[in-house]
Amino acid sequence: MIYCTMFLLVPIFFVSQFDIIRGESNPAELLAGKRPGSKDSVLETCQALQDAAQLIRLEGYSAIDKAELIRDQAYRVKDEAYEIKDEAYEIKESVLEARTEHETTLIETLGLIHKQALATNLYIDEIRNTLSSVLSRIDSLEERVQGTQDEISKVKQGQEGLSNEISEVKEGLDGLDGEISEVKQGLEGLGQSVDDGISGLTETISDKLVEIEKLQTQKLIPAARVAQSTTYADYSGPEKAVDGNYNSQTHTSAGQPRQWFRYYFSDTRSVGLIKVVNGKLNSNRVRLNGAKVSVMVNESVRRSCRDDTITVRDGETIQSQTYYLDCSGNSGIGVEFVLDTGTYLEFRQIEVYAP
């Protein structure tokens, strides 16, 4: 208050002095308080200014609090935006990985089919060459028979005394005719075998194409957890069947009459195709022969599948030891593989798809 009063009185003092010098004000009147802008008026003005300054200060504090609140909200929105961005990147990476893995499997399968088709064409070319060679031999034999018959006619005409020799020649010709008939029958059997082989290969290729088309329309059901009846070693646990690595495998222990492997879902799901890769590619691949799959309705109830048994084929590649089982029409908490042959149960990879 003192400073405010001094601030307002000083200008009044100098103005009053200036008026006295100019003769426009009476010093006595100024001392009597007759000059406009007296001390009381100054004090009231100073008080009003202080009140206004206090109000402005309070409004300034309120504005600062509001600004800090808005700043905190902006930081929270910024943090949430970063979290959403990170989740979006994770989803994008998962989709790209799944797409890459699916495309790789499809390319490998198509490559195998292409190789099989090339091998079939080579086999057919070899058969055609063999047939051409046999037909050439038959033509040569027929020419020889015709020439022999001509010679026989000449001998009959010129030397009837050689009738015994002619009879022997006829017998030889009859035997040759029998050989020709056997060759023809063999060719017919060979042609039938070729037709059967081509038909079987065509059916196999068609089946693989159907399986590929089904997989393209179905979605992989991730394994929530896996388990097996026994474990041979630390490096052959059940998780090896779902790790995406085709160079590792599961392996149960020996001495058990019944071996099992269980693939659990996170909840009850409908089941379609099941892709299985044999744990062994060498002669031990036959261990998996006869393994059966079923859908687990719960821990005690099982439902059989349309195509539930693995029949091991020849071949020492991952493609040749990949099998597809059909469990369409069933739903449950997972699938179970059972082997009752008393040998090891081994898998490289297992993938279960929803229809």
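Read on for an overview of the structure. Quick caveat, the model's predicted, so the values are computed rather than measured.

## Considerations on the overall build of the chain
1) Next: Counting its regular elements, the chain contains 4 helices and 7 strands.
2) Next: Reading the chain from its N end, one meets helices and strands in the order α-α-α-α-β-β-β-β-β-β-β.
3) Next: Counting across all 355 residues of the chain, residues that qualify as buried make up 27%.
4) Next: Restricting the contact set of the chain to residue pairs at least 6 apart, pairs at least 24 apart contribute 74%.
5) Next: Within the structure as shown, the chain displays about 23200 Å² of accessible surface, and the carbon and sulfur contribution to it stands at 53%.

## So, the nonpolar core
1) Next: The biggest cluster of nonpolar side chains holds 27 residues, and the ones touching the most others in it are Phe 261, Ile 274, Val 335, Phe 337, Phe 347, Ile 350 and Val 352.
2) Next: For this core, the elements supplying multiple residues, two or more each, are strand S3 (259-278), strand S4 (292-296), strand S6 (322-339) and strand S7 (347-354).
3) Next: Phe 261 has contacts with Val 226, Ala 227, Gln 228, Pro 238, Ala 241, Thr 250, Val 335, Glu 336, Phe 337, Leu 345, Phe 347 and Ile 350, leaving out every residue within four places of it along the chain.

## Brief notes about the pattern of salt bridges
1) Next: Considering all chains together, one arrives at 6 salt bridges under this definition.
2) Next: With a shortest N-O distance of 3.0 Å, Asp 340 and Arg 258 are connected by a salt bridge. One end of the pair, Asp 340, is in the loop between S6 and S7; the other, Arg 258, is in the loop between strand S2 (225-228) and S3, with 82 residues separating them in the sequence.
3) Next: For Asp 340, a relative accessible area of 52% gives the class exposed.
4) Next: By relative accessible area, Arg 258 is classed as partly exposed at 46%.
5) Next: Between Glu 336 and Arg 262 there is a salt bridge, with the nearest N and O atoms lying 2.8 Å from each other. A residue pair is termed long-range when its members are at least 10 positions apart, and Glu 336 in strand S6 and Arg 262 in strand S3 qualify at 74 residues. For the pair Glu 336 and Arg 262, one class covers both residues: buried.
6) Next: The structure contains a network of salt bridges with shared partners spanning Arg 262, Arg 302 and Glu 336.

## Observations regarding a nonpolar patch on the surface
1) Next: A cluster of nonpolar side chains, Leu 58, Tyr 61 and Ile 64, forms an exposed patch at the surface whose accessible area comes to about 310 Å².
2) Next: When you line up the elements, Ile 64 lands in helix H3 (residues 39-158).

Calculation rules
- Each chain has its residues counted from 1, running along the sequence as written.
- Whole-chain, interface and lining totals are the exception, using all residues; otherwise, since this is a predicted model, local features are given only for residues with pLDDT of at least 70 and side-chain atom pairs are given and counted only at 80 or more.
- Side-chain measures were taken over the full set of non-hydrogen atoms in the model, leaving aside hydrogen atoms and water.
- Where helices and strands are cited, they refer to DSSP runs of H or I of at least four residues and of E of at least two residues respectively, numbered from the N terminus.
- Three exposure classes are used, based on accessible area relative to the maximum for each residue type with a 1.4 Å probe and protein chains only: buried under 20%, partly exposed in between, and exposed over 50%.
- Contact criterion: two residues are considered in contact whenever any of their non-hydrogen atoms come within 4.5 Å of each other.
- Note on areas: Shrake-Rupley with a 1.4 Å probe; residue coverage comes only from the protein chains shown.
- By convention a nonpolar core is built from buried Ala, Val, Leu, Ile, Met, Phe, Trp, Tyr and Cys residues, the set being connected through side-chain atoms within 4.5 Å.
- A pair is scored as a salt bridge if a Lys or Arg side-chain nitrogen falls within 4 Å of a carboxyl oxygen belonging to Asp or Glu.
- The patches described consist of residues with a relative accessible area above 30% and no salt bridge, like charges being joined within 9 Å and nonpolar side chains (Val, Leu, Ile, Met, Phe, Trp, Tyr) within 5 Å.

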